[in-house]
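A closer look at the structure
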Amino acid sequence: MNNSNIESVKPAKKTKRTLDIVNQSLARRYRAERRFRYYGLSAIVASLLFLSLLFVSIFTNGYSAFMQTFIQLNVFFDPEVLNQESLATANYQGMVKSSLRKMIGDVKGRREKRQLYGLVSSGASFQLRDMVLKNPDVIGKALDVWVPADDDVDMLFKGHFDREVAESERRLNDKQLAWIDQLSADGRIEKKFNKTFFSAGDSREPELAGIWGAVVGSFLTLAVTLMLSFPIGVAAAIYLEEFAPKNRWTDLIEVNINNLAAVPSIVFGLLGLAVFLNFFGLPRSAPVVGGLVLTLMTLPTIIIASRSALTSVPPSIREAALGVGASKMQVVAHHVLPLAMPGMLTGTIIGMARALGETAPLLMIGMVAFIVDIPAGFTDPSTALPVQIFLWADSPERAFVEKTSAAIMVLLAFLIVMNAAAVILRKRFERRW
């Protein structure tokens, strides 16, 4: 009896020890899983925090660019000045200077006059010229005209310059500050919505610079990219997925397509420089060349997305169509392609969004040039919005800092809209099998 009792106790002790080991192992596993979840959550929170800091930094630096400081001048459109020459070449700058001298009054010496004239942007004379050319009836009248202030005055009113520091450390001296205070007290300085930023091209003067030329250049470039990359990419995907035989050549093509999707964008810029500019002699800094380069860069993305969309169509669709007598082309054109088109369009929009934000390949083909005029065609010299941001970021003036941030905000808005369109398109037309 004693032996049997001893033997019956031993397995119980062994079973208890095994359960303890299993429980300890489970406890360690659960703790490891909790730590992993915490690490993942911490990574997400950190990334959102850094992204928020980036957006806040861009917004705080750029929101002020949507407002512009203007000075009200009482301009007399002197008939003697305007009738001596053609209206397009008259001395409008002289009328601006005369108006400033009348408003301030006690300006003596060439140096003080030059400082006074520097309060107003050089674009004021062009604004007066446009007024006269548009409506010659203003000749002989004295009108109050709001003209853009110089960028230093604009920065002062936006709080970017400290007027309490020593005069030698300021871009505006005490005399100019006194004139500005006088004009402000008379109600002749105000901040208004900056329409120039959305309607003008690039300029050496920050207060006259705008993004419209870059936006038009980006639109023309993306139009060329879309017209070429979408049909070519979809056709290539349909052939590779539906018609191409499975052999070593198609495997080689698939490998190369996947590799091209990971090639740095500047390599496509070098290819465009060597082929489109040097070999074919296409015009430098033109949207047509930019579109060709971005087409090469976007094609792998569109082909991969289109093939994935074709693969997602159930084989039963093809088999049913073939069973009722449809040809292979009819199956693809009438049944498979309409079902796969939402996924193809989504991949195309994502590829176009990537092309919109590219800078390196456009720099290689000369779209970094200083372009003032708004491009009117696919072969006109132009720049793109990312390149415009690059140019302004390299400018030393403080006013270009806010222009750079504001242009980034506009570019981010376009990218968000395009990605949102891709998501909505997929949610709206996607079919789950």
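Residues numbered from 1 in each chain as written. Predicted model: local features only at pLDDT ≥ 70, side-chain atom pairs only at ≥ 80, totals over all residues. Heavy atoms only, no water.

**As for the overall build of the protein chain**
A tally of helices and strands in the protein chain yields 17 helices and three strands. Dimensions of the protein chain, computed from the C-alpha atoms along their principal axes, are close to 125 × 75 × 40 Å. Burial status across the protein chain gives 39% buried among its 433 residues. A separation threshold of at least 6 residues defines the contact pool for the protein chain, and within that pool the share at least 24 residues apart is 76%. Accessible area of the protein chain: about 24,200 Å², with a carbon and sulfur share of 61%. Across the protein chain, the mean location of the 46 positive side-chain charges is 13 Å away from that of the 38 negative side-chain charges. (Helix = DSSP H or I, 4+ residues; strand = E, 2+ residues; numbered from the N terminus. Buried < 20%, exposed > 50% of the residue type's maximum accessible area, 1.4 Å probe, protein only. Contact = heavy atoms within 4.5 Å. Areas by Shrake-Rupley, 256 points an atom, 1.4 Å probe, with all protein chains shown as cover. Lys, Arg positive; Asp, Glu negative; His and termini not counted. Charge placed at Lys NZ, Arg CZ, Asp CG, Glu CD.)

**Considerations on the sheet that holds strand β3 (residues 189-193)**
Spatially, β2-β1-β3 is the arrangement adopted by the three strands of the open sheet, whose pairing is antiparallel. The sheet is open, and its two borders are formed by β2 (142-148) and β3, each paired with just one other strand. Averaged over neighbouring strand pairs, the angle between their axes works out to 40 degrees when direction is ignored. (Pairing = 2+ DSSP bridges. Axes fitted to C-alpha atoms, helices over the stretch in contact; angles between N-to-C directions.)

**Things to note about the side chain of Arg-318**
Here Arg-318 lies in helix α13 (residues 315-323). Here Arg-318 falls in the buried class, since its relative accessible area comes to 14%. A distance of 2.8 Å separates polar atoms of two side chains, one belonging to Arg-318 and the other to Glu-242. In contact with Arg-318, not counting residues within four places along its chain, are Glu-242, Leu-310, Val-313, Val-331 and Val-336. (Polar contact = N/O pair within 3.5 Å; in protein donor to acceptor, adjacent residues only side chain to side chain.)

**Focus: the environment of Glu-80**
Relative to the helices and strands, Glu-80 resides in helix α2 (residues 79-84). C-alpha separation for the pair Glu-80 and Gly-140, spaced 60 residues apart in sequence, amounts to 8.9 Å.

**Observations concerning a positive patch on the surface**
A grouping of Arg-28, Arg-31, Arg-34, Arg-35 and Arg-37 is seen on the molecular surface, where their side chains present a positively charged patch. Along the chain, Arg-28 turns up in helix α1 (residues 2-62). (Patch = residues over 30% accessible without salt bridge, like charges linked within 9 Å, V, L, I, M, F, W, Y side chains within 5 Å. Salt bridge = Lys/Arg side-chain N within 4 Å of Asp/Glu carboxyl O.)

**Some details on the confidence of the model for the protein chain**
Do not read the predicted coordinates in detail wherever pLDDT is low. Residues at a pLDDT of 70 or more form 95% of the protein chain, whose mean pLDDT is 87. Considering only residues more than four positions removed or in separate chains, one finds that residues 6-10, a stretch of pLDDT under 50, has zero contacts. (pLDDT = per-residue confidence, 0-100.)

**Digging into the pattern of salt bridges**
In total, this model carries 11 salt bridges according to the counting rule given. When the shortest N-O distance is used, the salt bridge between Asp-130 and Arg-129 registers 3.7 Å. When its relative accessible area of 42% is taken as the criterion, Asp-130 is described as partly exposed. Take Arg-129: its relative accessible area is 27%, and that puts it in the partly exposed class. For Glu-254, the salt bridge identified is with Arg-307, shortest N-O distance 2.9 Å.

**Quick notes on the side chain of Ser-306**
Position of Ser-306 among the secondary structure elements: in helix α12 (residues 287-311). Judged by its relative accessible area of 0%, Ser-306 is buried. Among the polar contacts made by the side chain of Ser-306, one reaches the main-chain carbonyl oxygen of Ile-302 at a distance of 2.7 Å. Not counting residues up to four positions away in its chain, the partners in contact with Ser-306 are Val-234, Ala-237 and Met-344.

**Here's the deal with the packing of helix α3 (residues 92-104) against helix α4 (residues 109-117)**
At a minimum axis separation of 10 Å, α3 and α4 run at an interaxial angle of 105 degrees. Judged on the interaxial angle alone, α4 and α3 are roughly perpendicular. Where α3 abuts α4, its residues Lys-97, Leu-100, Arg-101 and Ile-104 lie against Lys-113, Leu-116 and Tyr-117. Split into classes, the residues belonging to the contact of α3 with α4 amount to four nonpolar, no polar and three charged. (Parallel < 35°, antiparallel > 145°, perpendicular 65-115°, else oblique. Nonpolar A, V, L, I, M, F, W, Y, C, P; charged D, E, K, R; others polar.)

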